[in-house]
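As a plain string of letters, each chain reads:
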Amino acid sequence: MSTPGPYPGPDSGPHPGPDGEQGLRLIPFRGLRYAAERVGSLAAVTSPPYDVVVRPDGQRHLETADPYNVVRLILPDAESPAARHRKAARTLAAWRDAGVLAADPRPALYVYEQRDGDHLQRGVIGALRITPPERGVVLPHEDVMPGPVADRAALMRATHANLEPLLLAYRDGDATAALVERTAGTREPLLATTTEDGVRHRLWSLTDPAEVDAIRADLAGRQALIADGHHRWATYRRLRAAHPPGTAWDYGLVLLVDTARHPLRVRAIHRVLERLPLDRALDAARPYFRVRALPGHSLGEALGALADAARDGNAFVLAGDGGFHLLDRADPGVLDRLVPADRPPQWRRLDAAVLHTVLLDHVWRIPDSPGSPDEIRYIHAADAAVEQAERHAGTAVLMHPVREHVVLELAQQGVMMPRKSTSFGPKPASGLVMRCLDLG
C-alpha cells in the first residue's frame with residue numbers, strides 16, 4: 001500500500017473497547033491439520049477459498065483429487081443448505097475420529113509463506129479478536145450480501161469451526177516482520193507443498209510464549225484492511241453477536257500480511273451473465289458506450305487492450321461468442337445522470353460502480369440482489385469467465401483491476417465499494433490449517 005504506517009481509519013485510529021484494549025489482538029490456537037500419512041498428498045487436499053471455486057466443474061475436480069479434499073467441508077454437496085451444513089459437520093467429525101485431521105498439541109501462531117514465481121508473501125495465521133465497525137480496527141472496503149453471510153454462518157455453527165482464514169493487510173509491524181522472516185529463514189517448516197497452480201506453500205508454528213507475546217504487543221494499536229473475506233468477517237461478527245462474551249466465538253481465523261514488506265497483488269473479479277446473450281448486451285450498450293470488436297485478439301491481447309483503454313476512463317471487455325468486444329468512452333452525461341452523486345469522486349469513477357449502476361441496473365436490467373442470486377456469476381479467472389459465458393451462450397464482462405491506493409482511500413473514508421470489486425492475493429490455501437472451536 002502507498003500510505004506509510006498502520007492503516008488509518010475514518011478518524012485517527014482504532015478506538016478502545018470496554019476492556020480498554022484497542023487495535024489487533026491475535027492469539028494462538030491449536031491448529032487442526034491433515035495427517036500427511038493419511039492423505040495422498042497435502043496439495044491434493046487443499047482448495048482455493050470457497051468463493052473462488054468455479055462450481056460445479058472446479059468443485060468436482062477438487063472432490064476427485066482426493067477423497068479428503070477440504071472442498072467437501074467448505075462446499076459440501078447435498079440437496080438443501082441445511083443438509084449441506086449437516087454433511088460438512090459429519091464429515092469433519094469423521095475425519096477427526098479417523099485421524100485424517102489431527103490437532104496440534106499446543107496452541108500456536110502460524111507463519112505462512114506462499115511463493116508464486118517471483119512473488120513472495122509471508123504472514124501470520126492466528127485467531128483475531130472480532131471487533132465492531134465503530135472501533136475502526138478492521139476496515140472493510142466492500143459491501144456484502146446477506147445470502148452468503150447466512151450460509152457461512154450456518155456452516156460455521158454446524159461444524160463449530162473456522163475452516164479457512166480470511167486475508168487481512170496491515171503495515172509496519174517491525175517485531176512481527178522480523179520474527180516472520182527469521183522463522184522462514186532458519187527453521188524447518190511443519191509442512192511444505194506445491195499446489196496445482198504452481199504456488200509453493202510452507203507453514204511453521206510459533207509456540208514460544210515470548211514470541212507470541214512479541215507479536216501480540218507489536219499488533220496492539222494497529223489496524224488492518226480486509227483484503228479477502230468480507231463475507232467471512234461479517235459472518236464472524238454475526239456469530240460473535242449471537243454468543244455471550246468470553247467464548248471461542250469472540251475470535252476468528254485470519255492471515256495477517258504486512259504489505260510494507262510483502263505487497264499484495266490486486267486483480268479484477270469478472271462477471272458472467274448467463275442469461276444475457278452477447279449480441280443483446282452489445283446492442284443495448286451502444287447508445288451509452290463506444291463498442292468495438294477486437295478481431296483476431298487472444299484473451300491476453302484483449303486484456304491488454306482493456307488495460308490501455310482503462311487509462312482514459314471506464315472500460316470493459318465483453319465475450320461469449322468466441323471473440324472479444326471493447327466497451328469504453330462512456331457518455332459523460334449518462335455517467336453524471338446515472339451514477340449516484342452522493343458518493344466520493346473515487347467511488348463514482350470505479351469500473352464496478354459504473355458497471356452496476358449504468359449497465360446492469362439501467363441498460364441490461366439485471367439485478368444484483370438477494371432475491372436474484374443467480375443472475376450474476378462472479379469469477380476470478382478471466383479464461384474461466386469466458387468459457388462459462390460461451391457454454392451458456394451468455395456474456396462475460398471482463399474487468400480491469402482497481403488500483404490499490406483507491407481501495408485504501410475509500411476504506412479510510414468508511415465508503416464501501418460495490419461487492420466483488422477487487423481480488424487481493426495470493427489468497428491463503430484452504431486446508432493447510434483450520435480452527436475448531438472445541439480445541440480452544
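Residues numbered from 1 in each chain as written. Predicted model: local features only at pLDDT ≥ 70, side-chain atom pairs only at ≥ 80, totals over all residues. Heavy atoms only, no water.

**Q** Help me understand the sheet that holds strand β2 (residues 31-34) in this model?
**A** Two pairing modes exist for strands in a sheet, parallel and antiparallel, and in both the strands are linked by backbone hydrogen bonds. Here we have 4 strands laid out as an open sheet, ordered β3-β2-β21-β7, and antiparallel in their pairing. With one partner strand each, in any of the chains shown, β3 (101-103) and β7 (161-162) form the two edges of the open sheet. The sheet contact formed by β2 and strand β21 (residues 434-436) spans 2 bridges and is antiparallel. Paired with L32 across the bridge in β21 is M434. (Pairing = 2+ DSSP bridges. Helix = DSSP H or I, 4+ residues; strand = E, 2+ residues; numbered from the N terminus.)

**Q** How should the sheet that holds strand β18 (residues 377-379) be read in this particular structure?
**A** The 6 strands lie next to each other as β15-β17-β16-β19-β14-β18, forming an open sheet whose pairing is antiparallel. The sheet is open, and its two borders are formed by β15 (290-293) and β18, each paired with just one other strand. Each neighbouring strand pair of the sheet contributes to a mean axis angle of 25°, computed without reference to strand direction. Across 3 bridges, strand β14 (residues 270-273) lies against strand β19 (residues 395-398) in antiparallel orientation. Its bridge partner lying in β19, R271 is registered against V397. In the packing of helix α14 (residues 382-391) onto the sheet, the strands contacted are β14, β16 (316-319), β17 (324-328), β18 and β19, and the crossing angle to β19 comes to about 160°. (Axes fitted to C-alpha atoms, helices over the stretch in contact; angles between N-to-C directions. Contact = heavy atoms within 4.5 Å.)

**Q** Just checking my understanding: could you explain the nonpolar core for this structure?
**A** Nonpolar side chains tend to gather and get buried jointly when the protein is soluble and globular. In terms of nonpolar packing, the biggest core is built from 117 residues, with Y34, F316 and W364 touching the most fellow members. Ranked by residues supplied to this core, first place goes to helix α13 (residues 351-363) with 8 residues. If we skip the residues at most four places from it in the chain, F316 touches F289, L306, H325, L326, L327, D351, V354, L355, L359, V397, L398 and M399. If you look at the next biggest cluster of nonpolar residues, it comprises 19 residues, including L306, L326, A396 and L398. (Core = buried A, V, L, I, M, F, W, Y, C linked by side-chain atoms within 4.5 Å. Buried < 20%, exposed > 50% of the residue type's maximum accessible area, 1.4 Å probe, protein only.)

**Q** Help me understand a positive patch on the surface, please; the structure alone is not making it clear to me.
**A** On the surface, a cluster of positive charge is made up of R72, R86, K87 and R90. Looking at the positive patch, the element that brings in the most residues is helix α4 (residues 81-97), giving 3 residues. The residue R72 is located in helix α3 (residues 71-74) in this model. (Patch = residues over 30% accessible without salt bridge, like charges linked within 9 Å, V, L, I, M, F, W, Y side chains within 5 Å. Areas by Shrake-Rupley, 256 points an atom, 1.4 Å probe, with all protein chains shown as cover. Salt bridge = Lys/Arg side-chain N within 4 Å of Asp/Glu carboxyl O. Lys, Arg positive; Asp, Glu negative; His and termini not counted. Charge placed at Lys NZ, Arg CZ, Asp CG, Glu CD.)

**Q** Looking at this structure, I do not really get the packing of aromatic side chains. What am I missing?
**A** One pair of aromatic rings is described through two measures. These are the centre distance and the angle between the planes. Per the counting criterion, the structure on display carries 5 aromatic pairs. Their ring planes at 70° and their centres at 6.2 Å tell us that W233 and Y236 sit as a pair that is edge-to-face. With a gap of 3 residues between them, W233 and Y236 both fall in helix α8 (residues 230-241), about one helical turn apart. For R152, the ring lying beneath its charged end belongs to Y50, and the centroid distance is 4.0 Å. Note that R343 overlies the ring of W347, its terminal NZ or CZ placed 4.3 Å from the centroid. (Phe/Tyr/Trp six-rings, centres within 6.5 Å; stacked < 30°, edge-to-face > 60°. Lys NZ or Arg CZ within 6 Å of the ring centre and 35° of its normal.)

**Q** Honestly, the pairing of strand β9 (residues 191-194) in this entry has me stumped. Any pointers?
**A** A regular strand carries its side chains on alternate faces of the sheet. Along β9, the buried face is formed by L191 and T193; none of A192 and T194, which line the opposite face, is buried. Where β9 folds back onto strand β10 (residues 200-206) in an antiparallel hairpin, the turn is made up of 5 residues, including G198, whose phi is positive at roughly 90°.

**Q** For this particular structure, what's the right way to read the side chain of T46?
**A** Examined against the element boundaries, T46 turns out to sit in the loop between α1 (42-45) and α2 (57-65). At 2.9 Å, the side chain of T46 and the backbone oxygen of A43 are in polar contact. Apart from residues lying up to four places away in sequence, T46 is in contact with L62, N69, V70, T195, A429, S430 and L432. (Polar contact = N/O pair within 3.5 Å; in protein donor to acceptor, adjacent residues only side chain to side chain.)

**Q** Even after reading the chapter, I still don't get helix α10 (residues 299-310), so can you show me in this structure?
**A** The terminal C-alpha atoms of α10, which comprises 12 residues, lie 16 Å apart, in line with the 16 Å expected from a rise of 1.5 Å per residue. Along its buried surface, α10 packs onto β16, β17 and β19. (Expected span 1.5 Å × (residues − 1).)

**Q** Explanation requested: the pattern of salt bridges in the structure shown.
**A** A side chain with one charge can pair with a side chain of the opposite charge if their charged atoms come near. Scanning the model with the defined rule gives 24 salt bridges in all. We note a salt bridge from R202 to E113, for which the minimum N-O separation is 3.0 Å. Note that R202 is positioned in strand β10 and E113 in strand β4 (residues 109-116), a separation of 89 residues in sequence. Its relative accessible area of 3% is what places E113 among the buried residues.

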